[in-house]
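Here are the chains, one letter per residue:
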Amino acid sequence: MTKNKYILEARKIHKKFTYPIENDLLKGIDLAVKPGESTAIIGRSGQGKSTLLHILGTLEAATAGVLLVDGEAVNFYNKSRIRNRQLAFIFQSFHLMDDFSVLDNVLMPAKIARKDTQKGSAAYKQAQEHLEAVELIDRMHFNTRLLSGGEKQRVAIARALCNDPDLIFADEPTGNLDEQTSLHIQQLLLDCVEKHHKALVVVTHDTDFAARCNNTYRLENGGLQSLS
Amino acid sequence: MFELSIARRYLFPRWRQLSVSIISSVAILVIALVVWLIVVFFSVKDGLETGWIDRIVALTAPVRLTPTEHYYKSYYYLADSISSKSNYTSKTLGEKLNADESDPYNPDDDEEYPKQWVKPDLTASGSLIDPVKSAVAIVSTIDAAKSIRVNDYETATANVILSTSHHASINDTKKNHYLEQVVFIGSLDDNTPAIVKALIPLTDDDKKNISRKLILQSSSTNPHRNDSPTNSTIVNPTEDQASLSWPPTGTFGAPVLLPKAFKDAGALVGDQGYVSYYSPTPSSIQEQRIAIYVAGFYDPGIMPIGSKYILAPRGLVADIRGSIPGEDAPISNGLNVRFDNIKDAGKVKKDLAAAFEAAGIAPYWKIETYQEYEYTKDLIQQLNSEKNLFSLISLIIIIVACSNIISMLVILVNDKKMEIGILRSMGATWVHIATIFGVCGMVIGAAGSLIGIGAAMVTLRYINELVGMMSDVQGHDMFNPVFYGSILPDQMSMEALMMVFTATAVVSLLAGIVPAIKASLLRPSAILRAE
């Protein structure tokens, strides 16, 4: 449960690349995300959507600017903890760990948090519930390599919910899926917002999906433009 | 710990990552090979060194007390030479130890004590300090080593002449051969159980020689004489000789133990001869002879004077000592301090030095461990230098072997880049990532060490059979028995084991650090966006 009005506040975020050519990709981005709210960021390829998402998700450092997660300024020392306890990611390429089973993948954030993940533990039961919600409970012991794209993304959604995060980042989560599966995944993500009261920040090319979110922004020329 | 489960999955991957498995297997195999080689080498080397040192100590003692110049110039020593109670003769340490009185000098009966001689060292109560009895009493109180005990010893020099006429037939008396050698003769006391380790078993030739001597002696013995042999100790008797004793009483002289060099020169157990030394008389210097027979041979190992050091009863050494009066006697003496574990020698020396200081007898004694004896010092230093050199070489070999771990882990890190990014996105810290790859390095090192140690145990168990096979293949002894003995040591050296295991663990850990740091420094954002 968040303590602040905003689960995420980005103030004057700049990102400048100097190699291979000098490029001011993000020029003073301001963004605030409330709990239980979905935010979509759209834009043409190469505008810096994924870079912005990674900066907001503490995976990449901004050249300048301040990032607050639930009111706490992100720095070198706390970003891993914040990432583990309050944030979660869903990627276009799913990014599951191939050497492990579906259940192991879902439980991985809990294991990193040093939670008890033995059979019968709270984390284990929660993981089962999440897998049931994404209709993969019967495949929990499958190796993830054996799953289809849609199934993998559902495992990624279940994994994202594992540590009960406040904010989920999704980087083109339906980019590799067919239309029907894509709609299913979109619904699951929006359910996370509505049913679990999570905040969602999604980068997508799918304008229909973006339209279903509470807030929509277009990233263009290094700035965010609200479309809501 | 999730790091362990991930490390386990990385080290024992499924078939898809077979290349990683092969590389890690090769890394384990190379480490196992190196550990096997080092453990076997050091175990054999330590075993040989221990054997050599055992033999050196068998002839001497782990700690020796030798009288200093202060002792020989002291009133305590000199008083005997002017005392009627001592028959005007200086006493050996053994005699001093058994003397009724510490101070035999009687000013009323004996000549005047020379003024230039040093004054007596007295205790607080005014009695003469007895450095020999005090030293023996102090040694028995030292608890730095188990079963500590003390004996005096004497060493003299003389010439040994042995008849080595080993006739093909007892009737053939035409051929006579002699062995002659200047030797050191050490007194053998019954408190040197370690000498048993150095004794060489009787050969068939020895047994034949003993039988021959018995038959010769028997044929020359008048059955009606009173000194005919009794049937006490028999060495491998035949039925015909069962009534004979060895050695025949009063006919063979004093028994001596000779070093292996005599055996190599053709001497056998049972050979007879004499020791020869020169004794001054009022008009001339005369040769004196004492009859001896060879009671056995021992292996002095690599002791520098080993080929010239024979062991004889105390009485024989005393006879030589008595032949030349005063300080010119060709003799050295002292106290042998023996105990169970020679590794306690340093502690015993330290405690003795402190106790002697407290008792006021420190100036009388030079305390040496077996590592400091004049004739062993260089050898022990050489052994220590070799040990340090071989340890350094071993460490370098281990480092080279463990460098495989670096290669293997770098490949693994590159292979698992994406998973590193995924773990970082889920909140794994750089420490978590470094731990995963560090554990991989340690497991490879530990697995290699365990396999190598297991192989070394098997090798040591059958080392003499293996060496025998290889000797057969090349047609001559693989290792010269003069230096290495007839069989190689087969006990695993715990010291070597600990050294190798520790070195491998530390080097493996260090080898794991480099790729672990590389893995932890990967930027998750760059990895995740790479696909």
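Above this text you will find the structure in question.
Residues numbered from 1 in each chain as written. Chains lettered and ligands numbered in written order. Predicted model: local features only at pLDDT ≥ 70, side-chain atom pairs only at ≥ 80, totals over all residues. Heavy atoms only, no water.

## Section: the overall build of chain A
Then, in step 1: Counting secondary structure elements, chain A contains 7 helices and 10 strands.
Then, in step 2: Buried positions account for 57% of the 228 residues belonging to chain A.
Then, in step 3: Restricting the contact set of chain A to residue pairs at least 6 apart, pairs at least 24 apart contribute 70%.
Then, in step 4: Per element, the accessible surface of chain A, about 10100 Å² overall, is 45% carbon and sulfur. (Helix = DSSP H or I, 4+ residues; strand = E, 2+ residues; numbered from the N terminus. Buried < 20%, exposed > 50% of the residue type's maximum accessible area, 1.4 Å probe, protein only. Contact = heavy atoms within 4.5 Å. Areas by Shrake-Rupley, 256 points an atom, 1.4 Å probe, with all protein chains shown as cover.)

## What about the overall build of chain B?
Then, in step 1: The helix and strand inventory of chain B stands at 18 helices and 9 strands.
Then, in step 2: With 531 residues in all, chain B has 47% of them scored as buried.

## Some details on the environment of B:Ser449
Residues and elements named next belong to chain B.
Then, in step 1: As for its placement among the helices and strands, Ser-449 is situated in helix 14 (residues 430–461).
Then, in step 2: Through-space distance from the C-alpha of Ser-449 to that of Trp-36 is 8.0 Å; in sequence the pair is 413 residues apart.
Then, in step 3: Within polar-contact distance, the side chain of Ser-449 engages the backbone oxygen of Gly-445 at 2.9 Å. (Polar contact = N/O pair within 3.5 Å; in protein donor to acceptor, adjacent residues only side chain to side chain.)

## Digging into helix 4 (residues 122–133) of chain A
Residues and elements named next belong to chain A.
Then, in step 1: The end-to-end C-alpha distance of helix 4 is 16 Å, a good match for the 16 Å that 12 residues give at a rise of 1.5 Å each.
Then, in step 2: Turning to helix 4, its buried residues are Ala-123, Tyr-124, Ala-127, His-130 and Leu-131. On an axial view of helix 4, the arc spanned by its buried residues comes to 120°, and they lie on one face. Exposed side of helix 4, more than 90 degrees from the buried face: Ala-122, Glu-129 and Glu-132 are the residues found there.
Then, in step 3: Here the buried face of helix 4 lies against helix 3 (102–112) and helix 5 (149–161).
Then, in step 4: Directly beyond the C-terminal end of helix 4, a positive phi value near 60° is found at Glu-135. (Expected span 1.5 Å × (residues − 1). Arc of directions from axis to C-beta.)

## A short note on the pairing of strand 3 (residues 38–42) of chain A
Residues and elements named next belong to chain A.
Then, in step 1: Across the 5 residues of strand 3, 5 count as buried, placing the element largely inside the fold.
Then, in step 2: Of the two faces of strand 3, the one lined by Ser-38, Ala-40 and Ile-42 and the one lined by Thr-39 and Ile-41 are each fully buried.
Then, in step 3: In this sheet, strand 8 (residues 199–203) lies alongside strand 3 in parallel orientation, the contact comprising 4 bridges. The residue bridging Ile-41 from the neighbouring strand is Val-203, located in strand 8. (Pairing = 2+ DSSP bridges.)

## Some remarks on unusual backbone geometry
Residues and elements named next belong to chain A.
Then, in step 1: In this model, Tyr-19 is joined to Pro-20 through a cis peptide bond whose omega is 0°.
Then, in step 2: The topology assignment puts Pro-20 in the loop between strand 1 (8–17) and strand 2 (23–33).
Then, in step 3: Located in the positive-phi region is Phe-94, a residue other than glycine, with phi close to 70°.
Then, in step 4: Assignment of secondary structure puts Phe-94 in the loop between strand 6 (87–91) and helix 3.
Then, in step 5: Here Arg-114, not a glycine, exhibits a phi torsion of approximately 60°, which is positive.

## Some remarks on the sheet that holds strand 2 of chain A
Residue and element names in this part refer to chain A.
Then, in step 1: Taken in spatial order, the 4 strands of this open sheet run 2-1-4-5, and their pairing is antiparallel. A strand with exactly one partner marks an edge of an open sheet, and here the two such strands are strand 2 and strand 5 (72–73).
Then, in step 2: Note that strand 1 and strand 4 (residues 64–69) share 5 bridges and pair antiparallel. Within the sheet, the bridge partner assigned to Arg-11 lies in strand 4 and is Val-66.

## Considering the packing of helix 1 (residues 2–11) of chain B against helix 14 of chain B
All names here are of chain B.
Then, in step 1: Interaxial distance between helix 1 and helix 14 falls to 9 Å at its minimum, and their mutual angle equals 50°. Put simply, helix 1 runs oblique to helix 14. Seen from above, helix 1 lies across helix 14 with right-handed handedness. Along its contact with helix 1, which presents Phe-2, Glu-3, Leu-4, Ile-6, Ala-7, Tyr-10 and Leu-11, the element helix 14 presents His-432, Thr-435, Ile-436, Phe-437, Val-439, Cys-440, Val-443 and Ile-444. (Axes fitted to C-alpha atoms, helices over the stretch in contact; angles between N-to-C directions. Parallel < 35°, antiparallel > 145°, perpendicular 65-115°, else oblique. Left-handed = near helix turned anticlockwise from the far one by under 90°.)

## With respect to the sheet that holds strand 9 (residues 215–220) of chain A
Backbone-to-backbone hydrogen bonds join strands into a sheet, with any given pair of strands oriented parallel or antiparallel.
Residues and elements named next belong to chain A.
Then, in step 1: Read from one edge to the other, the open sheet built from 6 strands follows the order 6-7-8-3-9-10, with strand pairing classed as mixed. At either margin of the open sheet sits one strand with a lone partner, and together these are strand 6 and strand 10 (223–226). Strand-to-strand twist in this sheet, taken as the mean axis angle between neighbours without regard to direction, amounts to 20°.
Then, in step 2: Relative to strand 8, strand 7 (residues 167–171) is paired through 5 bridges, and the arrangement is parallel. Residue pairing for strand 8: Phe-169 is matched across the bridge by Val-201.
Then, in step 3: On top of the sheet, helix 5 reaches strand 6 and strand 7; it is set at about 175° to strand 6, its chief contact.

## Here we look at the pattern of salt bridges
Then, in step 1: Enumeration over the complete set of coordinates arrives at 28 salt bridges over all chains.
Then, in step 2: Close ionic contact of A:Arg145 with A:Asp99 constitutes a salt bridge, the shortest N to O distance being 3.8 Å. Pair noted here: A:Arg145 is in the loop between helix 4 and helix 5 and A:Asp99 is in the loop between strand 6 and helix 3, with a separation of 46 residues, a long-range link.
Then, in step 3: A residue is classified by how much of its surface remains accessible, and A:Asp99, at 1% relative accessible area, is buried.
Then, in step 4: A salt bridge links A:Asp164 to A:Lys198, with the nearest nitrogen and oxygen atoms 2.2 Å apart. Here A:Asp164, found in the loop between helix 5 and strand 7, pairs with A:Lys198, found in the loop between helix 6 (179–196) and strand 8; they are 34 residues apart in sequence, far enough to count as distant.
Then, in step 5: One network of salt bridges, with partners in common, ties together A:Asp99, A:Arg145, B:Asp415 and B:Lys416. (Salt bridge = Lys/Arg side-chain N within 4 Å of Asp/Glu carboxyl O.)

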